[in-house]
Amino acid sequence: MVALRRENDPPAPSGGTLSVRIEGMTCASCVGRVEKALKALPGVTRAAVNLATERAEVAFAGEPDPAAVARAVEDVGYSVGEETTELSIEGMTCASCVGRVEKALVRVPGVVSASVNLATEKAQVRHLAGAVSTGDLVAAVRSTGYEARAVASDAPSDQEAERREREMGSLRRALLIAAALTLPVFVLEMGSHLIPAVHDWVMTNIGHRESWYLQFALTTLVLFGPGLRFFQKGVPALLRGAPDMNSLVALGTSAAWGYSVVATFASGLLPEGTQNVYYEAAAVIVTLILLGRYLEARAKGRTSEAIKRLMGLQAKTARVLRDGEAVEVPLADVQAGDLVQVRPGERVPVDGEVIEGTSYVDESMITGEPVPVHKAAGAEVVGGTINKTGAFTFRATKVGADTVLAQIIRMVEQAQGSKLPIQALVDKVTSVFVPIVMGVAALTFGIWLVFGPAPALTFALVNAVAVLIIACPCAMGLATPTSIMVGTGRAAEMGVLFRKGEALQTLRGAKVVALDKTGTLTKGRPELTDFVPAPGFATEEVLGLVAAVETRSEHPIAEAIVEAARKRGLKLGAVESFDAVPGFGVAATVQGRKVEVGADRYMKKLGYDVADLLPAAKRLAVEGKSPLYAAVDGRLAAVIAVADPIKPTTPEAIQALHALGLKVAMITGDNAGTAQAIARQLGIDEVVAEVLPDGKVEALKGLRQRLGSVAFVGDGINDAPALAEADVGLAIGTGTDVAIESADVVLMSGDLRGVPNAIALSQATIRNIKQNLFWAFAYNTVLIPVAAGALYPAYGVLLSPVFAAAAMALSSVFVLGNALRLKGFRPPMAAETSAPDRATGRPALAPAE
């Protein structure tokens, strides 16, 4: 987007100039149109467009508005170049932190949008190309009290893992120290209240006042040792007028500690009967919240295990031929064009093409298909897959960030860092949540101080602290992103890649699944499916003659017949006098025998009677196949059926979609008769036939109007417009072509069973998110009034700040634990382990899970 030309200006200046890159201009009239549109914007004082540099300089009287500039340029038919910068954010603890960072980033001139994820601790910032520097964004984050650094697109994920490990180590040490110091405080105070023997021992051996001194010393060490992190973050946030969860903890614990200090060293300042200490509350609150933070950090680490496993699939080294010798080199040193050797049992290091040797390669981590795939010269191999039996040499074609595995990791990371539409409500609530809680705490203190029973000051303090502690919005902030992380990670393990996190929510709402026929329902290439010989003719004899004739034709049907003959090992004779009759068929002489192949109209034209084979031909036509006739030496010899076969897994995939309550539609260019035959065979509800490639978009619009939200499944290349038009586009990948820009979801294998699996996972993830949000909101809705003392007038029940801290910590742990349940999601159509591979005699591998 657009950015202000400045060096040390603050992130949100009152006026300035935006420098924007304009794409699509070709002449002076283009310049004029863009300038006119920009000058018409409110607040613009000057606009100058340069065709040579393809940039526009836009001066504003007030605060620059990059989004309005982008819209104005797009409205006149051009586009503004955009870039996305990813930042790693440190120090966020709750949903209100997220809101503050997002607001700070959006205020940077040139930033169009910013999305911050609490679970991944990452920010995705969309801005005008060349208009915003990383330094601007980092400075904006730091101005809110958090640390930020740019994340390189090819940065190794193990750096992030190391940072998380350091954070967990720090929390672990802080927790152990806090627990060790808190335990004697808790025993001294609560033990004295609850167990008479402890009270007597304290009075006899330590003394009442001395016990308070000891509690003061230990609690002070807890608050300003392990608990100092809450004050370091919370107090500056409070002074900026943007309090967060750390501010609530700092206020609550310091109130309890400060009151206790006054009671210990200046008790005369307090009303009679209110000289009590709450050191144990302050210490236990810090310890319990540190425990919650530690458990959160551990659970967050588990949510990103999918990425760790994907990273673990990468080979560390490769055997590269250098100067005629095989040399072991680090993976980063492999270059495109290198010749790489792979031995049995090794991982293929990068993507490439086999040039020598044969083997079977387990590609289940890419496609989900359990059977190892045969590889020979000319075959493609994918980095991260496992070589099984043989050895081969291949030429590296894609290395580093260009490999299929690197693309998969990038897609999963992008999906995990995205926000769903359902998050909008949470963001609105959490943006005002902490200030409201502080207001409720202040109101609670005032009401108890004025209307509460004696000692009113003590009641007022305890209940106000309980409100501050229990109302942490951590659970709200973690409810959605943790479920997205675990859900998209589990999907990747199943061979389903959500390119856009929003598709998780949209896919769940689909009412109809529209399927392209060729390559989606079917294998995508014609095959010989039936061969019915006439009496007196042998199958192999006639097939060999027909295939010999068809070697002269380039038609896909001819290729299917020739391929079938070769698979049977038939020797094809020499062809003479080949003649093609357009619209009818072909004829030739094969080893002195006259052979004619074509449709029924060709046979009739030649004067042959097809009556004997007509019933078989009609049956084949009803099944959606294309019947052809063959004549040998002037006699009708066979009826042949060629069709694009339905994939073996297609029928059960459609049954599974019906079981999920969805309508299934087929969009095809086939004639209506063939399309209806296939639809009857598969139980498809809606058929849109005889559709030209550019008519699929209109077909989808019609389905949407009649049936509701549409998910379209296609091959991702020919179906790009339809994939983009659908509410959710699912591209069936080939296992090597994963960068399909027009799809929202990529199914790594050609198996249609991935569609019901993706939809079922979408439903499970959104259900999980709703459970988390219900808990997070219900927890605060119910317990804040309890903490304020709402039950005291009727039941005499008050919530101790200690229990409030425990409940707050447990609420976040509950949300994370619930999200982690998605790791155990079982797809409704898990690929079955096939029979032992015929080539190796060994059992096929189950898909990686």
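Everything numeric in this text was worked out from a predicted model, so none of it was measured.

Novice: Explain the overall build of the protein chain residue by residue, including any values.
Specialist: Within the protein chain one finds 29 helices and 31 strands. Long-range contacts, defined as pairs at least 24 residues apart, comprise 70% of the intrachain contacts of the protein chain with a sequence gap of at least 6. Entry remark: accessible area of the protein chain is about 35900 Å², with carbon and sulfur atoms responsible for 56%.

Novice: Talk me through the pairing of strand β25 (residues 626-632); I want residue IDs and the actual numbers.
Specialist: Sheet faces and side chains relate simply in a regular strand, where the side chains alternate between the two faces. Most of β25 sits inside the fold, with 5 of its 7 residues counted as buried. Summarising the sheet, β25 and strand β26 (residues 635-643) pair through 7 bridges and their orientation is antiparallel. The residue of β26 that forms the bridge with Ala630 is Ala638. Here β25 hands over to β26 after 2 residues, with Asp633 in that stretch at a positive phi of 55°.

Novice: Go over the pairing of strand β2 (residues 16-23), please, and point to the residues and values.
Specialist: Relative to strand β4 (residues 55-60), β2 runs antiparallel, the two being bridged by 6 bridges. Note that in β4 the partner of Arg21 across the bridge is Arg55. Two strands pair when backbone bridges link them, and β2 and strand β5 (residues 79-80) are joined in this way by 2 bridges, in the antiparallel orientation. Its bridge partner lying in β5, Ile22 is registered against Val80.

Novice: Outline the pattern of salt bridges, supporting the account with residue identities and numerical values.
Specialist: For the structure shown, the criterion picks out 15 salt bridges. A salt bridge links Asp338 to Arg322, with the shortest nitrogen-to-oxygen separation between them at 2.8 Å. Residue Asp338 is found in the loop between β11 (325-330) and β12 (339-342), and its partner Arg322 is found in strand β10 (residues 317-322); the two are separated by 16 residues along the sequence. Where Glu346 meets Arg343, a salt bridge forms, and the shortest distance between an N and an O atom there is 2.9 Å. Connected via shared salt-bridge partners are Glu541, Arg593 and Asp633.

Novice: An account of the nonpolar core is needed here, citing residue identities and associated values.
Specialist: By size, the foremost hydrophobic cluster in this structure holds 163 residues, and its most contacted members are Leu38 and Leu105. Top element by residues in this core is helix α27 (residues 754-788). It accounts for 15 residues. Excluding anything up to four places from it in sequence, Leu105 contacts Leu87, Val111, Ala114, Val116, Ala123, Val125, Leu137, Ala140 and Val141. Listed in part, the 44 residues of the second largest apolar core include Leu570, Val586, Ala637 and Ala641.

Novice: Please provide a residue-by-residue account of the packing of helix α7 (residues 208-223) against helix α9 (residues 245-265), values included.
Specialist: Running from amino to carboxyl end, α7 crosses α9 at an angle of 150°, the nearest separation of the two axes being 11 Å. What the angle tells us is that α7 and α9 run roughly antiparallel. The handedness of the crossing between α7 and α9 is left-handed. On α9, the residues that touch Arg209, Trp212, Tyr213, Phe216, Thr219, Thr220 and Leu223 of α7 are Thr253, Trp257, Val261, Ala263, Thr264 and Phe265. Broken down by class, the residue content of the contact of α7 with α9 amounts to 8 nonpolar, 4 polar and 1 charged.

Novice: Break down the sheet that holds β26 for me, citing the residues and quoting the values.
Specialist: The sheet built from 6 strands is open, its strands ordered β21-β26-β25-β24-β23-β22 with antiparallel pairing. The outermost strands of the open sheet, each flanked by one partner alone, are β21 (527-533) and β22 (575-581). In this sheet, adjacent strand axes meet at a mean angle of 20° when their direction is disregarded. Of the pairings in the sheet, the one linking strand β24 (residues 593-598) to β25 comprises 4 bridges and is antiparallel in character. Pairing of Glu596 across the sheet is with Ala631, part of β25. The strands touched by helix α19 (residues 539-550) are β21, β22, β23 (585-590), β24, β25 and β26; relative to β24, the strand with the most contacts, the crossing angle is about 75°.

Novice: Describe the UniProt feature "transmembrane region" (unreviewed entry) in the protein chain, listing the residues and the values that go with them.
Specialist: Within this structure's numbering, the places UniProt gives as "transmembrane region" (unreviewed entry) are residues 174-192, 212-228, 248-270, 276-295, 429-451, 457-480, 773-792 and 798-820. Between the end C-alpha atoms of residues 212-228 there is a gap of 22 Å, over a span that is 76% helix and 0% strand. The distance separating the terminal C-alpha atoms of residues 798-820 is 33 Å; by composition the span is 87% helix and 0% strand.

Novice: Summarise helix α23 (residues 650-659); cite the residues concerned and give the values.
Specialist: Each α-helix winds once per 3.6 residues, and so residues spaced three or four apart point in a common direction. Of the residues making up α23, those classed as buried are Thr650, Ala653, Ile654, Ala656 and Leu657. Buried residues of α23, viewed axially, fall in a sector of 155°; they line one side. Turned more than 90 degrees away from the buried face of α23, the exposed residues are Gln655 and Ala659. The inward-facing, buried residues of α23 abut β20 (512-516), α18 (517-521), β27 (663-667), α24 (672-682) and α27. Phi for Gly661, located one or two positions after α23, is positive at around 85°.

Novice: An account of the sheet that holds β20 is needed here, citing residue identities and associated values.
Specialist: By definition, the strands of a sheet pair up through backbone hydrogen bonds, in either a parallel or an antiparallel sense. Strand order across the open sheet formed by 7 strands is β19-β31-β30-β29-β20-β27-β28, with mixed pairing between neighbours. Taken across any chain shown, the strands that pair with only one partner, and hence form the sheet edges, are β19 (496-498) and β28 (686-688). On average, adjacent strands in this sheet sit at an angle of 20° to one another, irrespective of strand direction. Across 4 bridges, β20 lies against strand β29 (residues 710-714) in parallel orientation. Note that in β29 the partner of Ala514 across the bridge is Phe712.

Novice: Before we move on, can you summarise the confidence of the model for the protein chain with the specific residues and values?
Specialist: Per-residue confidence for the protein chain gives a mean pLDDT of 80; residues scoring 70 or more make up 86%. Across residues 1-14 the pLDDT falls below 50, and counting only partners more than four positions away or on other chains, this stretch makes 57 contacts in the model. For the stretch residues 832-849, pLDDT sits under 50, and the model shows 39 contacts to residues farther than four places along the chain or on other chains.

Novice: Lay out the environment of Thr93 in plain terms, naming residues and giving numbers.
Specialist: Positionally, Thr93 belongs in the loop between β6 (82-90) and α3 (95-106). In this structure the C-alpha to C-alpha distance between Thr93 and Glu121, which are 28 residues apart in sequence, comes to 9.5 Å.

Novice: Any details on a positive patch on the surface? Residues and values, ideally.
Specialist: A contiguous patch of positive charge, built from Arg508, Lys511, Arg767, Lys770 and Arg821, is present on the exposed surface. As for its position among the elements, Lys770 is in helix α27.

Novice: Tell me about the packing of helix α15 (residues 456-470) against helix α29 (residues 801-820), residues and numbers included.
Specialist: Each packed pair of helices is defined by two parameters, the angle between the axes and the distance between the axes. Closest axis-to-axis distance for the α15/α29 pair is 8 Å, and the angle between their directions is 5°. Judged by the angle between their axes, α15 and α29 are roughly parallel. On α29, the residues touching Val462, Val465, Ala466, Ile469 and Ile470 of α15 are Pro801, Ala804, Ala805, Ala807 and Met808. Residues that form the contact of α15 with α29 fall into these classes: 10 nonpolar, no polar and no charged.

Novice: Tell me about the side chain of Ser483, residues and numbers included.
Specialist: You can see Ser483 is positioned in helix α16 (residues 474-493). Judged by relative accessible area, which is 0%, Ser483 ranks as buried. The residues touching Ser483, leaving out its near neighbours within four places in the chain, are Thr765, Asn768, Ile769, Asn772, Ala819 and Leu822.

Novice: Can you lay out the side chain of Thr219 for me, pointing to particular residues and giving the numbers?
Specialist: You can see Thr219 is positioned in helix α7. With a relative accessible area of 0%, Thr219 lands in the buried category. In contact with Thr219, not counting residues within four places along its chain, are Val185, Trp257, Tyr279, Ala282 and Ala283.

Novice: Tell me about the packing of aromatic side chains, residues and numbers included.
Specialist: For the structure on display, the rule yields 12 aromatic pairs. Ring geometry for Phe216 against Phe265: centres 5.1 Å apart, planes inclined by 80°, an arrangement best described as edge-to-face. Of this pair, Phe216 sits in helix α7 while Phe265 sits in helix α9, and the two are 49 residues apart along the sequence. When the centroid spacing of 5.4 Å and the interplanar angle of 80° are considered together, the rings of Phe224 and Trp257 count as edge-to-face. You can see Phe224 sitting in the loop between α7 and α8 (228-239) and its partner Trp257 sitting in helix α9, a full 33 residues away along the chain. Here Phe224 falls in the partly exposed class, since its relative accessible area comes to 39%. When its relative accessible area of 19% is taken as the criterion, Trp257 is described as buried.

Conventions and cut-offs
- Residues numbered from 1 in each chain as written.
- Predicted model: local features only at pLDDT ≥ 70, side-chain atom pairs only at ≥ 80, totals over all residues.
- Heavy atoms only, no water.
- Helix = DSSP H or I, 4+ residues; strand = E, 2+ residues; numbered from the N terminus.
- Contact = heavy atoms within 4.5 Å.
- Areas by Shrake-Rupley, 256 points an atom, 1.4 Å probe, with all protein chains shown as cover.
- Buried < 20%, exposed > 50% of the residue type's maximum accessible area, 1.4 Å probe, protein only.
- Pairing = 2+ DSSP bridges.
- Salt bridge = Lys/Arg side-chain N within 4 Å of Asp/Glu carboxyl O.
- Core = buried A, V, L, I, M, F, W, Y, C linked by side-chain atoms within 4.5 Å.
- Axes fitted to C-alpha atoms, helices over the stretch in contact; angles between N-to-C directions.
- Parallel < 35°, antiparallel > 145°, perpendicular 65-115°, else oblique.
- Left-handed = near helix turned anticlockwise from the far one by under 90°.
- Nonpolar A, V, L, I, M, F, W, Y, C, P; charged D, E, K, R; others polar.
- UniProt positions renumbered as here; feature names shortened; annotations may be inferred.
- Arc of directions from axis to C-beta.
- pLDDT = per-residue confidence, 0-100.
- Patch = residues over 30% accessible without salt bridge, like charges linked within 9 Å, V, L, I, M, F, W, Y side chains within 5 Å.
- Lys, Arg positive; Asp, Glu negative; His and termini not counted.
- Charge placed at Lys NZ, Arg CZ, Asp CG, Glu CD.
- Phe/Tyr/Trp six-rings, centres within 6.5 Å; stacked < 30°, edge-to-face > 60°.

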